[in-house]
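# Analysis of the macromolecular model
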Amino acid sequence: QVQVEESGGGYVQAGESLRLSCAVSGSLFSRYYMAWFRQPIGKEREAVAGISLNGLPTYATYAAGRFTIARDDAKNILYLQMSGLRPEDTAMYFCAAMRRSQLVPREAQFWGLGTQVTVSS
């Protein structure tokens, strides 16, 4: 069984930075394509970024240049470094272990419960 738990969310002003962490239990972390999704209130869950088993990242257009995804297979931790945060980044952020590299919610095999990021103007 794979369990994931996000942390690092918070309330920040526009332009500030946050680093989210996702602790993953189990011995299969290094075998999963990992991803971050986010979901603003009243909107669909959308992909933020994904990272392959060997560390190759993929970003949503809005995230490229501002967000960085990374994984530490030795510690079973996934990270999302966010800079230049904007009010439209406000959402629940979720960590997911994926069945495949297609960044859509239906391909997630395991989800965390989410961590809230709120960005004020």
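What this report covers is the structure whose coordinates are included nearby. (Residues numbered from 1 in each chain as written. Predicted model: local features only at pLDDT ≥ 70, side-chain atom pairs only at ≥ 80, totals over all residues. Heavy atoms only, no water.)

Turning our attention to the overall build of the protein. Helix and strand counts for the protein come out as 0 helices and 11 strands. In the protein, the order of α-helices and β-strands from amino to carboxyl end is β-β-β-β-β-β-β-β-β-β-β. Expected size for 121 residues packed as a compact globule is a radius of gyration near 14 Å; at 13 Å, the protein falls within 12% of this value. Principal-axis analysis of the C-alpha atoms places the extent of the protein at approximately 40 × 30 × 25 Å. Expressed as a percentage of the 121 residues in the protein, the buried residues total 43%. In the structure as shown, the protein presents an accessible area of about 6400 Å², 48% of it carried by carbon and sulfur atoms. For the protein, the distance from the average position of its 12 positive side-chain charges to the average position of its 10 negative side-chain charges is 5 Å. (Helix = DSSP H or I, 4+ residues; strand = E, 2+ residues; numbered from the N terminus. Rg over C-alpha atoms; globule rule 2.2 N^0.38 Å. Buried < 20%, exposed > 50% of the residue type's maximum accessible area, 1.4 Å probe, protein only. Areas by Shrake-Rupley, 256 points an atom, 1.4 Å probe, with all protein chains shown as cover. Lys, Arg positive; Asp, Glu negative; His and termini not counted. Charge placed at Lys NZ, Arg CZ, Asp CG, Glu CD.)

Another point: the packing of aromatic side chains. Scanning the entire structure with this criterion turns up 3 aromatic pairs. A ring pair is formed by Y32 and F110, whose centres lie 6.0 Å apart and whose planes are at 80°; its orientation type is edge-to-face. With a gap of 78 residues between them, Y32 in the loop between β3 (18-25) and β4 (33-39) and F110 in strand β10 (residues 108-111) connect regions that are remote in the sequence. By relative accessible area, which is 11% here, Y32 ends up buried. By relative accessible area, F110 is classed as partly exposed at 21%. With a centroid separation of 5.2 Å and an interplanar angle of 65°, the aromatic rings of F37 and W111 are classed as edge-to-face. One end of the pair, F37, is in strand β4; the other, W111, is in strand β10, with 74 residues separating them in the sequence. When its relative accessible area of 0% is taken as the criterion, F37 is described as buried. A network of ring pairs unites the aromatic residues F37, F94 and W111 as a single cluster. The ring of W111 is capped by R45, whose NZ or CZ atom sits 4.5 Å from the centre of that ring. (Phe/Tyr/Trp six-rings, centres within 6.5 Å; stacked < 30°, edge-to-face > 60°. Lys NZ or Arg CZ within 6 Å of the ring centre and 35° of its normal.)

To continue, consider the sheet that holds strand β1 (residues 3-7). Spatially, the 4 strands line up as an open sheet ordered β1-β3-β8-β7, and their pairing is antiparallel. Lying at the two open borders of the sheet, with one neighbouring strand each, are β1 and β7 (67-72). Averaged over all neighbouring strand pairs, the angle between strand axes comes to 15°, with direction disregarded. Pairing of β7 with strand β8 (residues 77-82), which is carried by 6 bridges, proceeds in the antiparallel orientation. Residue pairing in the sheet places T68 in a bridge with Q81 of β8. (Pairing = 2+ DSSP bridges. Axes fitted to C-alpha atoms, helices over the stretch in contact; angles between N-to-C directions.)

With that settled, the discussion passes to the nonpolar core. Ranked by internal contacts, the top residues of the largest apolar core, which has 28 residues, are M34, W36, L80, M82 and Y93. Elements represented by at least two residues in this core include exactly β3, β4, β5 (46-51), β7, β8, β9 (91-98) and β11 (115-120). Those residues in contact with L80 that lie beyond four places of it in its chain are L18, R19, L20, W36, V48, F67, T68, I69 and Y93. If you look at the next biggest cluster of nonpolar residues, it comprises 7 residues, including Y33, A35, F37 and M98. (Core = buried A, V, L, I, M, F, W, Y, C linked by side-chain atoms within 4.5 Å. Contact = heavy atoms within 4.5 Å.)

Moving on to the pairing of β8. Summarising burial for β8: 5 of the 6 residues are buried, a large majority. In this structure, β3 lies alongside β8, joined through 6 bridges in antiparallel fashion. Note on β8: the bridge partner recorded for L18 is M82.

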